[in-house]
Amino acid sequence: MNKSPIGIFDSGIGGLTVVKAIQSALPCEQIVYFGDTARVPYGPKSQITIRKYAADDTAILMRYQPKMIIVACNTVSALALDVVEKSCGNIPVIGVLKAGATFAVQVTKNNRIGVIGTQATVSSNAYACAINALDPDIEVISQACPLFVPLAEEGFINHAATKLVAEHYLREIREQGIDTLVLGCTHYPILRQVIEETIGSGIRIIDSAEAVALKTRELLHDSGQLSRSQKASVPHLLVSDLPQKFSMLYQLFMGSEQPDVDLVEV
């Protein structure tokens, strides 16, 4: 199992934030990443559809006999983590939502946490439930930001349109006295600079990817499954549509050479 890869999936390019964090923490681990670019975004979809997509995505990664699955999609983490766990059998599963909620509870000073995410994630109230299960005294203020995903998918990292949309979404939550803001979608760290500029100084931004990377290292260490390789690994990238576009966005976000991306059918 030490040589087996870590499987990671998301609806599109957002999960690359998790890939980047895993590579930083565990550079010698093999990674297989699947981005469901044919069906992005997941956020506006019904729970039934999201659960079906979760099963499909997991099945694709299971072909590679992974030692762990990371659900790098907050929408799936909120609404279909049990589907992934059932599909994986005894393989550990980490969802970004719980990792992000735990990290936010640890760092807040005034017990007022903001959460931004897709419509499905916010409507599920999953972040508030996860945070209040850890500390019932914390007040959670949530805001859906559905246009952030397509903006990230188009590579509009510092675009004027992104700044206008961010101002529209974050105006109210900025005035709620929060000291911590959870980026409740793995696409959102791609737009982090604009989000930070809009939300203002003095607010701690929580990127779930960092918490997931720490949890991944801990689980693999405790189970004796850390890779013994001394060589940095290049991720195996899979998408369900537009591999060339994904390759260009990967190069832009990861700051690497343009990679090979395989097209798979869902």
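Before any of the text, the structure's been laid out above.
Student: Is there a simple way to explain the packing of helix α1 (residues 16-25) against helix α12 (residues 243-254) in this structure?
Tutor: Helix-helix packing: each pair is described by the crossing angle between the helix axes and the interaxial distance. Where α1 contacts α12, the two axes come as close as 11 Å, and the packing angle between them is 50 degrees. As judged from the angle between their axes, α1 and α12 are oblique. For the pair α1 and α12, the sense of crossing is right-handed. Counted together, L16, T17, V19, K20 and Q23 of α1 and F246, Y250, F253 and M254 of α12 form the full contact between these two elements. Class assignment of the residues belonging to the contact of α1 with α12 gives a composition of six nonpolar, two polar and one charged.

Student: It is not clear to me how the sheet that holds strand β2 (residues 31-35) should be interpreted in this structure. Could you clarify?
Tutor: The strands that make up a sheet are held in pairs by hydrogen bonds between backbone atoms, and each pair lies either parallel or antiparallel. The six strands lie next to each other as β4-β3-β1-β2-β9-β10, forming an open sheet whose pairing is parallel. In this open sheet, the two edge strands, each paired with only one partner strand, are β4 (93-95) and β10 (261-263). On average, adjacent strands in this sheet sit at an angle of 20 degrees to one another, irrespective of strand direction. Where β2 lies against strand β9 (residues 236-239), four bridges are found, and the strand directions are parallel. In the strand pairing of β9, F34 is matched with L238. Those strands touched by helix α4 (residues 81-88) are β1 (6-10), β3 (68-71) and β4, and its axis lies near 165 degrees from that of β4.

Student: Help me understand the pattern of salt bridges in this model?
Tutor: Side-chain pairing between opposite charges can occur once the charged atoms of the two side chains come close. Considering all chains together, one arrives at 13 salt bridges under this definition. With its nearest N and O atoms 2.7 Å apart, the salt bridge here joins K67 to E29. Of this pair, K67 sits in the loop between α2 (47-62) and β3 while E29 sits in the loop between α1 and β2, and the two are 38 residues apart along the sequence. One salt bridge in this structure joins R39 and D57, with 3.5 Å as the shortest N-O distance. In this pair, R39 is assigned in the loop between β2 and α2 and D57 in helix α2, connecting sequence segments 18 residues apart. This pair shows no difference in class: R39 is buried, exactly as D57 is. Shared partners join several salt bridges into a network, and the residues in it are D36, R39, K52, D56 and D57.

Student: Can you help me understand the nonpolar core in this one?
Tutor: The tendency in soluble globular proteins is for nonpolar side chains to be buried side by side. By size, the foremost hydrophobic cluster in this structure holds 70 residues, and its most contacted members are I8, I116, F148 and L181. Tallying contributions element by element places helix α5 (residues 96-107) first for this core, with eight residues. I116 has contacts with Q143, C145, F148, L170, I173, L181, V182, L183, G184, C185, Y188 and I195, leaving out every residue within four places of it along the chain. Listed in part, the 23 residues of the second largest apolar core include I50, V76, L79 and I91.

Student: How should the packing of aromatic side chains be read in this particular structure?
Tutor: In this description, an aromatic ring pair is defined by two values, namely the gap between the centres and the angle between the planes. Tallied over the entire structure, the rule returns four aromatic pairs. Ring centres 6.0 Å apart and planes at 20 degrees place the aromatic pair Y33 and F246 in the stacked group. On the criterion of sequence distance, the pair formed by Y33 in strand β2 and F246 in helix α12 is long-range, its members being 213 residues apart. Overall, F246 belongs to the buried group, its relative accessible area being 2%. On the basis of an interplanar angle of 50 degrees and a centroid distance of 5.1 Å, the ring pair of Y42 and Y53 is categorised as tilted. On the criterion of sequence distance, the pair formed by Y42 in the loop between β2 and α2 and Y53 in helix α2 is long-range, its members being 11 residues apart.

Student: Looking at this model, I keep getting lost on the sheet that holds strand β6 (residues 139-144). Mind explaining?
Tutor: Taken in spatial order, the four strands of this open sheet run β6-β5-β7-β8, and their pairing is parallel. In this open sheet, the two edge strands, each paired with only one partner strand, are β6 and β8 (204-207). Within the sheet, the average angular offset between the axes of one strand and its neighbour, ignoring direction, is 25 degrees. As paired elements, strand β7 (residues 180-184) and β8 share four bridges and run parallel to each other. Directly across from T180, in β8, lies its bridge partner R204. α5 rests against β5 (112-117), β7 and β8 of the sheet, and its axis sits at about 155 degrees to β8.

Basis of the calculations
- Residues numbered from 1 in each chain as written.
- Predicted model: local features only at pLDDT ≥ 70, side-chain atom pairs only at ≥ 80, totals over all residues.
- Heavy atoms only, no water.
- Axes fitted to C-alpha atoms, helices over the stretch in contact; angles between N-to-C directions.
- Helix = DSSP H or I, 4+ residues; strand = E, 2+ residues; numbered from the N terminus.
- Parallel < 35°, antiparallel > 145°, perpendicular 65-115°, else oblique.
- Left-handed = near helix turned anticlockwise from the far one by under 90°.
- Contact = heavy atoms within 4.5 Å.
- Nonpolar A, V, L, I, M, F, W, Y, C, P; charged D, E, K, R; others polar.
- Pairing = 2+ DSSP bridges.
- Salt bridge = Lys/Arg side-chain N within 4 Å of Asp/Glu carboxyl O.
- Buried < 20%, exposed > 50% of the residue type's maximum accessible area, 1.4 Å probe, protein only.
- Core = buried A, V, L, I, M, F, W, Y, C linked by side-chain atoms within 4.5 Å.
- Phe/Tyr/Trp six-rings, centres within 6.5 Å; stacked < 30°, edge-to-face > 60°.

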